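Spelled out, the chains give:
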Amino acid sequence: PKTNVMFLKTHKTASSTVLNIMFRFAERYSLTVALPADQLVHLGYPKTFLAHFVEEFQAIGQNYNIMCNHLRFNASEVQKVMAANTFYFSILRNPIPLLESSYVYYKDNVPAFRISKDVNEYLASPMKYYHPADYKQNIYARNIMWFDFGYDNNAEDNKKYIQEVLKEIEQNFHLILIADYFDESMILLKHTLCWDLDDVIYFKLNSRSQDTVQTLTPESEERIKAWCSLDWKLYLHFNQSFWRRIEETIGLEELEKEVNHLRTRQKELMETCLSDQEAVGKNHIKNKALLPFQSGAANILGYNIKQDLDNRTLRTCQKMVMPELQYTSYLYAVQHP
């Protein structure tokens, strides 16, 4: 199995679930994680990443195995932290549901979202709410994935520029997954990294209750493609290469078998671990230590673990449902006592 892995954690793309997979893998193989310095949650985000944003970078140098907390990608600085043979991957999501998700999640933090009534009103005339002067606060309001990859999310949509960026991303990253096909992505990741099925089993984390989803009008959906055209082109490009990669390496028939296998195993684990068999709203999470961070108008779901589990099973289950902030703090305490 590949054990030197850098995951660029993009926003609102099921990346918290991937982070949990990475953290559990790191623990299973006793690997070192490049954690944010000073017990922060992000590696300097939204600033462009610098090596000293990593805890004890001066002492540890290039001896980290895993890097996966939020950062704004900067290849030369990441390479100072990660070994030369590191595997780089990231995940993208269709910008249409992505923007709606950002809108609800960041409603209180982003000036462009705060002053509009709902997502459709915002999209009807984004420039009315989106002021370039607030660009640092407004990154979630336009081309957020483009920004996370280290590029200017307000850049002009110019064919030559887009081609150059896509080429650069392909040079920097070995694999780009697609959140809209999450299970298929996990199977592709497993194959590419030579991991086991249990390494990529997951419970969905940081997702929100259906009642906080705002319905986009067909006009709004079209407007997102234009307003977030850099993200839209990024997504279309890597969605194609994703499926091409699957056909070349696994084949659709084998993929379907493995996805079913993954879902069966996931269901077994949910039956073993969870008292409700599913995610529950924030007010129904009994153990407050497992309450996920709540943001904006979203009701972020979590889990309740069964009471009578043996210690080993309990540990496995706890790690599977542990929210990002708690897991980061836990690893921090283990690695930097």
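You'll find the structure just up there.
Since we're looking at a predicted model, the values are computed, not measured.

1. What about the packing of aromatic side chains?
Phase 1: Counted according to the given criterion, the structure contains 27 aromatic pairs.
Phase 2: Centre to centre, the rings of Phe 73 and Tyr 88 are 6.3 Å apart; their planes meet at 80 degrees, and the pair counts as edge-to-face. On the criterion of sequence distance, the pair formed by Phe 73 in the loop between β2 (66-67) and α3 (75-81) and Tyr 88 in strand β3 (residues 87-92) is long-range, its members being 15 residues apart.
Phase 3: On the accessibility criterion, Tyr 88 (7% relative accessible area) is buried.
Phase 4: Taken together, a centroid distance of 4.9 Å and an interplanar angle of 80 degrees make the contact between Tyr 181 and Trp 243 edge-to-face. In this pair, Tyr 181 sits in the loop between β4 (175-178) and α10 (182-193) while Trp 243 sits in helix α13 (residues 229-249), placing the two residues 62 residues apart along the sequence.

2. So, the packing of helix α4 (residues 95-105) against α13
Phase 1: Here α4 crosses α13 at 135 degrees, and the two axes come no closer than 10 Å. Taken together, α4 and α13 sit at an angle that is classed as oblique. Residues Pro 95, Ile 96 and Leu 98 of α4 lie in contact with α13, whose contacting residues are Asp 231, Trp 232 and Tyr 235.

3. Considerations on the sheet that holds strand β1 (residues 5-8)
Phase 1: The sheet built from four strands is open, its strands ordered β2-β1-β3-β4 with parallel pairing. Looking along the sheet, the strands with just one partner apiece sit at the ends: β2 and β4.
Phase 2: Against the sheet, helix α1 (residues 15-28) touches β1, β2 and β3, its axis set at about 165 degrees to β1.
Phase 3: Along the sheet, α10 makes contact with β1, β3 and β4, crossing β4 at roughly 155 degrees.

4. Quick notes on the side chain of Asn 69
Phase 1: As for its placement among the helices and strands, Asn 69 is situated in the loop between β2 and α3.
Phase 2: A distance of 3.3 Å separates the side chain of Asn 69 from the backbone oxygen of Val 41, its partner in a polar contact.
Phase 3: Setting aside residues no more than four positions away along its own chain, Asn 69 makes contact with Lys 9, Leu 19, Phe 23, Ala 34, Leu 35, Pro 36, Val 41, Leu 43 and Thr 328.

5. Quick word on empty space enclosed by the protein
Phase 1: What the rule picks out here adds up to one cavity of 30 Å³ or more.
Phase 2: A volume near 40 Å³ is recorded for the largest cavity.
Phase 3: Lining the largest cavity are Pro 95, Leu 98, Leu 99, Ser 102, Tyr 140, Ala 141, Arg 142, Asn 143, Ile 144, Cys 228 and Asp 231.
Phase 4: When residues of the lining of the largest cavity are assigned to their parent elements, the largest contribution, four residues, is made by α4.
Phase 5: Residue classes in the lining of the largest cavity are distributed as seven nonpolar, two polar and two charged.

Analysis parameters
- Residues numbered from 1 in each chain as written.
- Predicted model: local features only at pLDDT ≥ 70, side-chain atom pairs only at ≥ 80, totals over all residues.
- Heavy atoms only, no water.
- Phe/Tyr/Trp six-rings, centres within 6.5 Å; stacked < 30°, edge-to-face > 60°.
- Helix = DSSP H or I, 4+ residues; strand = E, 2+ residues; numbered from the N terminus.
- Buried < 20%, exposed > 50% of the residue type's maximum accessible area, 1.4 Å probe, protein only.
- Axes fitted to C-alpha atoms, helices over the stretch in contact; angles between N-to-C directions.
- Parallel < 35°, antiparallel > 145°, perpendicular 65-115°, else oblique.
- Contact = heavy atoms within 4.5 Å.
- Pairing = 2+ DSSP bridges.
- Polar contact = N/O pair within 3.5 Å; in protein donor to acceptor, adjacent residues only side chain to side chain.
- 1 Å grid on protein atoms, 1.4 Å probe; cavity = no way out; pocket = protein on both sides within 12 Å on 5 of 7 lines; lining within 4 Å.
- Points joined across faces, edges and corners; volume = space filled by probe spheres on them.
- Nonpolar A, V, L, I, M, F, W, Y, C, P; charged D, E, K, R; others polar.

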